[in-house]
Structures are given as structure tokens and as C-alpha cells.
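Here are the chains, one letter per residue:
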Amino acid sequence: MIKKIGVIGAGQMGTGISHVCALAGFDVRLTDVSQEALDRGLGVIAHNMSRQVGRGWIAEADKEAGLAHIVAGLGMEQFGDCDLVVEAATEDEQVKRRILGDLCPHLSPECVLASNTSSISITRLGASTDRPGKFIGMHFMNPVPMMKLVELIRGIATNEETYQLVRVVVERLNKTSVPAEDFPAFIVNRILMPMINEAVYTLYEGVGGVEAIDTAMRLGANHPMGPLELADFVGLDTVLAIMQVLHEGLADSKYRPCPLLVKYVEAGWLGRKTGRGFYDYTGETPIPTR
């Protein structure tokens, strides 16, 4: 039975995962590369829980209890008594493999390992650990506290017990899981990222401007957010990384990243997190950059 959950990475996804696990009553151990990153992450969790209180979704007592469940610290040693550890680092396979290599010597033999990767092979990541049978993909959607879906991805070695244990954890988080096969980008991003990439091609080829494309998809396809606005929210570097995984993994030209997407990433225009992407976020309202 899973009682204590470790989370590696105090960025957007790691804080969200810690947030929902703590509110569900799990003890959470959170780490990152620096104390500054941890302090910033804890501040984000407290702020987001306060917003939930303000909207009447949780009580103040729930917030206080949730925050009390989270202990943040540097180093992998703190995960020695965890039942499940979720890696939520940047979407870079070499970074993830290095983290998993550092982590495994500190874990109990029973501990289950999960990666929140949105596109990378679970079989390959699992093979880099000392427990491929206890390794699984656990892909939360962003923003984690709001989104109800978790993709569960079994690598070729993942055993049934691991899958069932993690499925029960997802239920306790009041979320819905869907099983996905271990193919590049799984289900959601296999469909979503090529759509975003095609929207960037539509911009690149001058078919429509940023505002026209996003308005067309919001009103014409009933999407809550236009594809370019969504790309800025996700992070253009993440969109590009997933398209590269699809292009390399499936060897199909239809997944070729749009050159304009590459240029934006090269310029450091990564979306909301850098203040500029397909929109400029430095003013009171976002302004299209193209």
C-alpha cells in the first residue's frame, strides 16, 4: 500500500503532483537541485491551495493539513522510506536517466518508481534503473490540480502489481487514469502536439496571424484555449522536445517540427514562463508577437 510519495522536481509539474498528493492525505517528500527552487515551489503550492480555498473548493483546514504533509529537502537520501517516487524533472532523457541512477541506491527494494514524462520511452527509462518491473509512466496533465486525467504507461517490463498499485493511487487523487501503450508521446501528446505544430505551420505560412488562429480554434472548434496560447502555456521548449521525440521515434515527416517553433525556442521565447512566446506577456494583457 502506498502511504509516502517522493517527488523529484519542484517545477510546474512537481509542485502540482505534490499538491494533489498532499491534499489526498499522502505524506510527500519533495526535492530539487537547490533550496531556492524548493522554496519557490513550496510558495507556489501554498498560493495555489489558497486559490482553491478562495473559490470554495477546499476548506482552510484542508489547506493547512495538505501543507503539513509536504516535507522539502535536498538530496535523494530522504526517499529511503518512500513507497512511490515520481520523477518530474525536465523533459530530457539524459537528465531523467541521471536522476534515476542517483536515486535507485537510496530506495527500499519495495519502492515503486514512476516518471511523469510526457513523451519518452518508459521501457528505456525503466531499463536504466535497478527495478524495471516496478517502473511505470505516470503522466499527469497540466495544471495538475485542475486536470482530471493521468495516463498510465507500462514499459515492456512493468509488472501488473505495479500498474494496479499506481492505478489505486490515481483513484485516491480523485483523478481518472487511462492505460496507454509505450509509444512516443503516448495518447494525449501524440494527438495534441502535432495539432499545435500544425498551428505554428499555419502561422509560419501566413495563413493566419496568432490572434486569428487562436480565435478560429476557440470559436470554430470550441477549444477552451487557442493552440498558440496553449503552446505558450505548456512551454515552447516542451512542445519542441515532444515533436522531436515523435519525429525521431516514428520516423514520419508529418511530425517534423515547424522551423518557426525551432526559431522561437532558439530565441529563448518559450512562452509564459519567459514572458514572451507567441504572445508578449510583459504588459497587462498578452499581445501577439506575430
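No experiment lies behind these values; they were computed from the predicted model shown.

## Examining the domain arrangement of the protein
Part 1 of the reasoning: Its domain assignment divides the protein into domain 1 (4-181) and domain 2 (189-288).
Part 2 of the reasoning: Using C-alpha coordinates to define each centre, domain 1 is positioned 27 Å away from domain 2.
Part 3 of the reasoning: Taken together, the contact between domain 1 and domain 2 spans seven residues of the former and five residues of the latter.
Part 4 of the reasoning: Taking both sides of the interface into account, the surface hidden between domain 1 and domain 2 amounts to around 530 Å²; carbon and sulfur atoms contribute 57%.
Part 5 of the reasoning: When the area that domain 1 buries against domain 2 is broken down by residue, the three leading residues are Glu91, Ser118 and Ser119, summing to 55%.
Part 6 of the reasoning: Connecting domain 1 to domain 2 are zero salt bridges.
Part 7 of the reasoning: The interface formed by domain 1 and domain 2 holds one residue pair in polar contact (both at pLDDT 80 or more) in total.
Part 8 of the reasoning: A per-class count over the side of domain 1 that touches domain 2 returns one nonpolar, five polar and one charged.

## Remarks on the pattern of salt bridges
Part 1 of the reasoning: The tally for this structure, following the rule as stated, stands at 13 salt bridges.
Part 2 of the reasoning: Here Lys4 and Asp81 are joined by a salt bridge, their closest N and O atoms 2.7 Å apart. In this pair, Lys4 sits in strand E1 (residues 4-8) while Asp81 sits in the loop between strand E3 (70-72) and strand E4 (84-87), placing the two residues 77 residues apart along the sequence.
Part 3 of the reasoning: With its nearest N and O atoms 3.5 Å apart, the salt bridge here joins Arg97 to Glu93. Residue Arg97 and its partner Glu93 are located together in helix H4 (residues 93-103), separated by four residues, close to a single helical turn.
Part 4 of the reasoning: A relative accessible area of 31% places Arg97 in the partly exposed class.
Part 5 of the reasoning: Its relative accessible area of 18% is what places Glu93 among the buried residues.
Part 6 of the reasoning: Salt bridges here are not isolated pairs; linked through shared partners, they connect Glu87, Glu91 and Lys96.

Conventions used here
- Residues numbered from 1 in each chain as written.
- Predicted model: local features only at pLDDT ≥ 70, side-chain atom pairs only at ≥ 80, totals over all residues.
- Heavy atoms only, no water.
- Domains from an automatic or database assignment.
- Contact = heavy atoms within 4.5 Å.
- Buried area = accessible area lost by both parts, 1.4 Å probe.
- Salt bridge = Lys/Arg side-chain N within 4 Å of Asp/Glu carboxyl O.
- Polar contact = N/O pair within 3.5 Å; in protein donor to acceptor, adjacent residues only side chain to side chain.
- Nonpolar A, V, L, I, M, F, W, Y, C, P; charged D, E, K, R; others polar.
- Helix = DSSP H or I, 4+ residues; strand = E, 2+ residues; numbered from the N terminus.
- Buried < 20%, exposed > 50% of the residue type's maximum accessible area, 1.4 Å probe, protein only.

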